[in-house]
Amino acid sequence: MKKILFIPFCLLIQNLIAQPTSIFMRDKKGEIIEIHPEWKNNNKVGVDLSEVTFVNWNSGGSNSVSALFTYESNLDYKDKYFTWKNGLISRYGINKQQDRELRKTEDLVEFNSNIGYQPDSLSNWFYSARLNFKTQFTNGYKYPDTDNPISRLMAPGYLFFGGGMEYVKRKEDMSLYLSPLTLKTTFVLDQELANSGAFGVTPAVLDTEGNVIIEGKRIHKEVGLLVTNSYQKELVENITLKHNVSLYTDYINSFGNVDVDWQINFDFKVNSFVKATLGSHIRYDDDVKTTKPSEIEGEFDEAGAKTQWKQFLGIGFAVDF
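My aim in this report is to walk through the structure given alongside it, one point at a time. Predicted model, so just to flag it, every value in this text is computed and none were measured.

Helix and strand counts for the protein chain stand at two helices and 18 strands. The buried share of the protein chain, reckoned over its 321 residues, is 32%. For the protein chain, restricting intrachain contacts to residue pairs at least 6 apart in sequence, the fraction spanning at least 24 positions comes to 53%. Of the roughly 20,400 Å² of accessible surface on the protein chain, 58% is carried by carbon and sulfur atoms.

Here's what the structure looks like:
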């Protein structure tokens, strides 16, 4: 846990330390050449708001207000042979409706680091290594039940680390990454959720009375194949399409059963500060099981994995710095 949280801290320290203005390397002929590395840092803070109020409205309706807070930070390095891209994304959304408790609508902390080596400046292919880590800030609930969390901070947490080849076309802002060897680690550090086998970890062993004999595993490891693709294009002036898809299958447990994480966003720029976003997010993970009411009152049976889908539309403010 401490090692994982140390990664963003290293990114922050790296941002604060001055970088050298040049690096000296030898080319294929053995001659010393001077390379000027380039660091770029940008940050974005945004707030999306929506509100509905009814007063003597004969069609009925409930007053509601929603907010989505976002923060993005990128620190990228580039020289003649190497690129190193680092990004931190955090989002948190809430909704309050009349006569109903405050509910969470979005919760994400994600860190990405991608280092690539380009042996031939004329080629679009890079040798690449990637790290991705994501979790959430606060407890998640199956509303209206707010007494029994179905997720927590680091329950789950996901860590991907692997290496492979990446095809990049900078002019079209397109990337295709192929990793034949990627380690996926799932963390469920809440013991109660681990005992229930949440998010694919090994559940606890119980006796006939339901008492725990052996506690559930809190870490689940997989080794598999990862394919990702990202694409960004300005469709017309001030309307940009962003596409990201990740496909992962485990070699050992269920090869061919693909985990999918696919996002498509349309960004609408009104001016330098006001923007709108229309997006779709589809997920499928065979380790994330759903439940259905059991024939026994008050209990639930496993219903298998199902496709998850989220659609959102937000209008708000964003500031780059």
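For sheets, the rule is that strands pair by backbone hydrogen bonds, running either parallel or antiparallel. If you trace the 12 strands once around the closed barrel, you get β3-β4-β5-β6-β7-β8-β9-β12-β13-β14-β15-β18, paired in antiparallel fashion. Across the sheet, the axes of successive neighbouring strands diverge by a mean angle of 20 degrees, strand direction being ignored. Here 15 bridges tie strand β4 (residues 64-78) to strand β5 (residues 82-97), and the two strands are oriented antiparallel to one another. By the bridge assignment for β5, T70 is matched with R91.

So, on to the nonpolar core. Counting residues in each nonpolar core, the largest one holds 12 residues, listed as A155, Y158, F160, Y177, V188, L193, A194, A198, F199, V201, L226 and Y248. Sorting the residues of this core by element identifies β8 (157-169) and α2 (191-195) as the ones contributing at least two each. Dropping the residues within four chain positions of it, F199 is found in contact with I150, S151, A155, P156, Y158, T186, V188, D287 and V288. Listed in part, the six residues of the second largest apolar core include F111, L131, M154 and L159.

Turning our eyes to something else, we now look at the pattern of salt bridges. Scanning the model with the defined rule gives 15 salt bridges in all. Between K184 and D259 there is a salt bridge; the shortest N-O distance is 3.1 Å. A residue pair is termed long-range when its members are at least 10 positions apart, and K184 in strand β9 (residues 174-187) and D259 in strand β14 (residues 259-269) qualify at 75 residues.

So, about unusual backbone geometry. The step from Y143 to P144 runs through a cis peptide bond, and the omega angle for that step is 10 degrees. Relative to the helices and strands, P144 is located in the loop between β7 (125-135) and β8. With an omega dihedral of 15 degrees, the bond running from A155 to P156 counts as a cis peptide bond. Looking at the element boundaries, P156 is found in the loop between β7 and β8. Non-glycine residue M154 carries a positive phi angle of around 60 degrees.

What follows covers a nonpolar patch on the surface. There is a patch of nonpolar side chains on the surface, built from V45, L49, F273, F317, V319 and F321 and spanning about 600 Å² of accessible area. Elements supplying a minimum of two residues to the nonpolar patch: β3 (38-52) and β18 (308-320). Structurally, F273 is set in the loop between β14 and β15 (274-284). When its relative accessible area of 52% is taken as the criterion, F273 is described as exposed.

Attention now moves to the pairing of β18. Pairing analysis gives five bridges linking β3 to β18, with the strands arranged antiparallel. Looking at β18, one finds that V45 is bridged to V319. With 10 bridges connecting them, β15 and β18 associate as antiparallel partners. Looking across to β18, one finds that R283 is bridged to Q308.

What counts and how
Residues numbered from 1 in each chain as written. Predicted model: local features only at pLDDT ≥ 70, side-chain atom pairs only at ≥ 80, totals over all residues. Heavy atoms only, no water. Helix = DSSP H or I, 4+ residues; strand = E, 2+ residues; numbered from the N terminus. Buried < 20%, exposed > 50% of the residue type's maximum accessible area, 1.4 Å probe, protein only. Contact = heavy atoms within 4.5 Å. Areas by Shrake-Rupley, 256 points an atom, 1.4 Å probe, with all protein chains shown as cover. Pairing = 2+ DSSP bridges. Axes fitted to C-alpha atoms, helices over the stretch in contact; angles between N-to-C directions. Core = buried A, V, L, I, M, F, W, Y, C linked by side-chain atoms within 4.5 Å. Salt bridge = Lys/Arg side-chain N within 4 Å of Asp/Glu carboxyl O. Patch = residues over 30% accessible without salt bridge, like charges linked within 9 Å, V, L, I, M, F, W, Y side chains within 5 Å.

Read these as spatial facts, not as claims about activity.
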